Amino acid sequence: MTTPCIITVAITGSVPRKEHNPAVPITIAEQVESTHAAFEAGAAIAHVHVRKDDQTPTSDPERFARLLEGLRRHCPGMIVQFSTGGRSGKGSERGGMLHLGCDMASLSTGSCNFPTIIYENHPDLIRELALKMLEHHVKPEIEVFDLSMLYQALRLADEGLLRKPLHVQFVMGVKNAMPVIRQAFDFMVDEVRRLSPESTWVAAGIGRHQLEVNRWCLERGGHCRTGLEDNIRWDETRLAASNAELVKRVASLCAEYGRHPASAAEARAILGLPSG
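Residues numbered from 1 in each chain as written. Predicted model: local features only at pLDDT ≥ 70, side-chain atom pairs only at ≥ 80, totals over all residues. Heavy atoms only, no water.

Novice: What is the right way to read the overall build of the protein from this model?
Specialist: Across its full length, the protein holds 8 helices and 16 strands. Its C-alpha atoms give the protein principal-axis dimensions of roughly 45 × 45 × 40 Å. Counting only contacts in the protein whose residues sit at least 6 apart along the sequence, the fraction spanning at least 24 positions is 70%. Accessible area of the protein: about 11,500 Å², with a carbon and sulfur share of 54%. Computing the positive centroid from 31 side-chain charges and the negative centroid from 33, the protein places the two 1 Å apart. (Helix = DSSP H or I, 4+ residues; strand = E, 2+ residues; numbered from the N terminus. Contact = heavy atoms within 4.5 Å. Areas by Shrake-Rupley, 256 points an atom, 1.4 Å probe, with all protein chains shown as cover. Lys, Arg positive; Asp, Glu negative; His and termini not counted. Charge placed at Lys NZ, Arg CZ, Asp CG, Glu CD.)

Novice: Would you mind showing me how to read the sheet that holds strand E3 (residues 45–48) here?
Specialist: Pairing in this closed barrel of 8 strands is parallel, and the strands run E2-E3-E6-E7-E10-E11-E12-E13 around the ring. The mean inter-strand angle of the sheet, taken between neighbouring strand axes irrespective of direction, is 25°. Two strands pair when backbone bridges link them, and strand E2 (residues 7–10) and strand E13 (residues 223–226) are joined in this way by 3 bridges, in the parallel orientation. Within the sheet, the bridge partner assigned to Ile 7 lies in E13 and is Cys 224. Contacts between helix H2 (residues 61–74) and the sheet are confined to E3 and strand E6 (79–82), with E6 contributing the most and set at about 165° to the helix. (Pairing = 2+ DSSP bridges. Axes fitted to C-alpha atoms, helices over the stretch in contact; angles between N-to-C directions.)

Novice: Would you take a moment to explain the packing of aromatic side chains for this structure?
Specialist: Note on aromatic pairs: each is described by the distance of the centres and the angle between the planes. Across all of its chains, the model carries 7 aromatic pairs by this definition. Summarising the aromatic geometry, the rings of Phe 170 and Trp 201 are spaced 6.4 Å apart at their centres and angled 45° between planes, so their arrangement reads as tilted. With a gap of 31 residues between them, Phe 170 in strand E11 (residues 167–172) and Trp 201 in strand E12 (residues 200–205) connect regions that are remote in the sequence. In this structure, Phe 170 and Trp 201 share a single accessibility class: buried. Ring geometry for Phe 185 and Trp 216: centres 5.3 Å apart, planes at 45°, overall tilted. Linking Phe 185 in helix H5 (residues 182–195) with Trp 216 in helix H6 (residues 210–220), this pair joins segments that are 31 residues apart in sequence. (Phe/Tyr/Trp six-rings, centres within 6.5 Å; stacked < 30°, edge-to-face > 60°. Buried < 20%, exposed > 50% of the residue type's maximum accessible area, 1.4 Å probe, protein only.)

Novice: Just to check I follow, could you spell out the layout of surface pockets for this structure?
Specialist: Gaps left between atoms are located by rolling a probe of water-molecule size over the structure's atoms. Reported here for the largest pocket is a volume of approximately 610 Å³. Lining the largest pocket are 31 residues, with Arg 87, Val 174, Ile 206, Glu 229 and Asp 230 sitting closest to its centre. Taken together, the elements giving at least two residues each to the lining of the largest pocket come down to strand E7 (104–108) and E11. A breakdown of the residues in the lining of the largest pocket according to their chemical character gives 12 nonpolar, 13 polar and 6 charged. (1 Å grid on protein atoms, 1.4 Å probe; cavity = no way out; pocket = protein on both sides within 12 Å on 5 of 7 lines; lining within 4 Å. Points joined across faces, edges and corners; volume = space filled by probe spheres on them. Nonpolar A, V, L, I, M, F, W, Y, C, P; charged D, E, K, R; others polar.)

Novice: Hey, could you run me through the packing of helix H1 (residues 28–41) against H2 in this one?
Specialist: Each packed pair of helices is defined by two parameters, the angle between the axes and the distance between the axes. Direction vectors running N to C along H1 and H2 enclose 35°, while the axes themselves pass 9 Å from each other. Classified by chirality, the crossing of H2 by H1 is right-handed. Mapping the contact onto sequence places Ile 28, Gln 31, Val 32, Thr 35 and His 36 in H1 and Arg 63, Arg 66, Leu 67, Gly 70, Leu 71 and His 74 in H2. (Left-handed = near helix turned anticlockwise from the far one by under 90°.)

Novice: Would you take a moment to explain unusual backbone geometry for this structure?
Specialist: With the exception of glycine, most residues fall at negative phi, and the peptide bonds are largely trans. Of the consecutive residues Lys 164 and Pro 165, the connecting peptide bond is found in the cis state with omega at 0°. We note that Gln 55 has phi near 80°; this positive angle belongs to a residue other than glycine. Within the element layout of this structure, Gln 55 appears in the loop between strand E4 (50–51) and strand E5 (57–58). With a phi angle near 80°, Asn 176 is a residue other than glycine that sits in the positive phi range. The class of Asn 176 is partly exposed, set by a relative accessible area of 47%.

Novice: Can you help me understand the pattern of salt bridges in this one?
Specialist: Between side chains of opposite charge, a pair can form as their charged atoms come close. Under the counting rule described, the total for this entry stands at 20 salt bridges. Note that Asp 53 is salt-bridged to Arg 63, the shortest N-O span being 3.4 Å. Remark: Arg 63 occurs in helix H2 and Asp 53 occurs in the loop between E4 and E5; sequence separation between them is 10 residues. In this structure, Glu 245 and Arg 238 form a salt bridge, with 2.7 Å as the shortest nitrogen-oxygen distance. One network of salt bridges, in which partners are shared, links Arg 182, Asp 186, Asp 190, Glu 219 and Arg 220. (Salt bridge = Lys/Arg side-chain N within 4 Å of Asp/Glu carboxyl O.)

Okay, structure coming up:
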């Protein structure tokens, strides 16, 4: 019997634009359509950002509300994970949509360098966002851009600001942050298992590293993330046709490792979320 792998599809992000790949979904209608196709292809979690009409990122709660409504209607049971990332807003506005009823939200537990900016997550803001997630019964996905963020998340859990079991994502391949090195990946997985064995985990490989990191996750018993937010290409010869195409690749890969794509119901059970 195979074991389930939760596939997260990161549909849009804050950086890719239509001029980079026309398949990047920008409008709410495009995002719903793209997510629905990815859901049908095997994704159980949708990690979502919203954009303004000019494609710039925003934390606008009204846009998040419309997107959530569309995803609930067209992707029944799918886990919806809002981004509280720093490119979309400043300070408290980054959590201004958490009351809307999403299942999960991203929570970065430290600061680091990005290609052209400092990704700033002040300790007070981290605690504020964590408290909002507790208040609104939103499960955080802990975003680990370097190793210190893992230990900070474990401290916050010990203080009661994060509910256990945690769900941790290692983000590898962002320029100036954590590189894609197998020894580093294995060390982080081993640390999660040593310090928080009840936790679930996933890793995201950025750009050309996406498929490589997917394979590492499947091999080590973790979960997978794919999508146009992280990687707009299928390979070095062409752009990815859609989020669904990238999801189908991971779904097909699962069988090589004795895994299968988790259904939405399976993913909810694994993550301790209410049935959708």
